[in-house]
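Descriptive structure summary
This is what each chain is made of:
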Amino acid sequence: VTMPIEALCFAINAHKDQVRKNGSGCYISHPIRCVKILEEAGVVDPEVKAAAVLHDVPEDTPFKVPDVRARFGDRVARIVEQVTDDKELPPGVRKMLQVQHAGESDVEAQYVKTADTIDNLEDMCLCPPEGWNFERIQSYFMWKKLVMDRIVFAEDDQIAKNLKARFARALEGTIT
C-alpha cells in the first residue's frame, strides 16, 4: 500500500464524523480533491500527496502533528504542521497569521496550502456555506487572495504556475 493510500485511510477515520460547512457531503471529499488538484498541477511526490490528504487532521480531529509524524514520518508531519492553524487562537488572529506566514513555509507546504485554498474557493462557488451572504463570501475570497499573494514560488516552477493559474480561475468565481 502506498503512503498516500495509507494517509487517506488514516484521514477517513479521523474525519469520519465531519461534514463540510456547506453541508456538501462527507468531509473527506475536501482533502481528496486537494490531492487531485496537486496531481493535475504535476505533483508526483507521494509524501506531498500524503500531507495534502492529512492537512486538516491536526486542526479538526483528535489526532495532532505528533500522531502524523509517528505514522508518516518527519517530512509529511513538517508539511502538515506548516499548513495547520492553532485552533486555540481567535479566528481573526489565525487569519492574520496565515497572511503573515504564508511565504515562510517550504515549497511543498505552499503547494498544499494553494491546493487547499483552490478547493475551498471552488467548493464555495458551487455550494456556499449556509447563512453566508455575498459580502461574507467576498470577504473570504479577498482574505484568501491576501494569503496567496504572500506565497512566492520560483520562476521556473511549473507546478506552481499550474496552481497559480487555477487559483486565479477559482478567485474569479465570486469576486468578479
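What you see is a predicted model; the values in this text were computed from it and never measured. (Residues numbered from 1 in each chain as written. Predicted model: local features only at pLDDT ≥ 70, side-chain atom pairs only at ≥ 80, totals over all residues. Heavy atoms only, no water.)

Moving on, we get to the overall build of the protein chain. Each helix and strand counted, the protein chain has ten helices and zero strands in total. Reading the protein chain from its N end, one meets helices and strands in the order α-α-α-α-α-α-α-α-α-α. Relative to a compact globule of 176 residues, whose C-alpha radius of gyration would be 16 Å, the protein chain shows 15 Å and is just as compact. Seen along its three principal axes, the alpha-carbon backbone of the protein chain occupies a region of about 45 × 40 × 30 Å. Sequence separation of at least 24 residues holds for 72% of the intrachain contacts in the protein chain that already meet a minimum separation of 6. With an accessible surface of roughly 9,000 Å², the protein chain has 56% of that area assigned to carbon and sulfur atoms. In the protein chain, the 23 positive side-chain charges and the 29 negative ones have mean positions that sit 2 Å from each other. (Helix = DSSP H or I, 4+ residues; strand = E, 2+ residues; numbered from the N terminus. Rg over C-alpha atoms; globule rule 2.2 N^0.38 Å. Contact = heavy atoms within 4.5 Å. Areas by Shrake-Rupley, 256 points an atom, 1.4 Å probe, with all protein chains shown as cover. Lys, Arg positive; Asp, Glu negative; His and termini not counted. Charge placed at Lys NZ, Arg CZ, Asp CG, Glu CD.)

Under the counting rule described, the total for this entry stands at 14 salt bridges. Taking the shortest distance from any N to any O, the salt bridge between arginine 166 and glutamate 40 comes out at 2.6 Å. You can see arginine 166 sitting in helix H10 (residues 158-175) and its partner glutamate 40 sitting in helix H2 (residues 29-41), a full 126 residues away along the chain. According to the relative accessible area criterion, arginine 166 is buried, its value standing at 19%. Here the salt bridges do not stand alone but share partners, grouping Lys36, Glu40, Glu122 and Arg166 into one network. (Salt bridge = Lys/Arg side-chain N within 4 Å of Asp/Glu carboxyl O. Buried < 20%, exposed > 50% of the residue type's maximum accessible area, 1.4 Å probe, protein only.)

Along the polypeptide, serine 105 turns up in the loop between helix H7 (91-101) and helix H8 (107-126). Not counting chain neighbours up to four residues away, the residues in contact with serine 105 comprise Gln82 and Gln110.

In this section: helix H1 (residues 3-14). The end-to-end C-alpha distance of H1, which contains twelve residues, comes to 16 Å, matching closely the 16 Å that a straight helix rising 1.5 Å per residue would cover. Residues of H1 that are buried: Pro4, Ala7, Phe10, Ala11 and Ala14. Down the axis, H1 shows its buried residues gathered within 120° of arc, on one side only. Those residues of H1 that are buried are in contact with helix H3 (46-54), helix H4 (57-60) and helix H5 (65-72). (Expected span 1.5 Å × (residues − 1). Arc of directions from axis to C-beta.)

Looking now at the environment of alanine 50. Of note, alanine 50 is situated in helix H3. When its relative accessible area of 0% is taken as the criterion, alanine 50 is described as buried. C-alpha of alanine 50 to C-alpha of isoleucine 5: the two residues are 45 residues apart in sequence and 7.7 Å apart in space. Alanine 50 has contacts with Met3, Pro4, Ala7 and Val76, leaving out every residue within four places of it along the chain.

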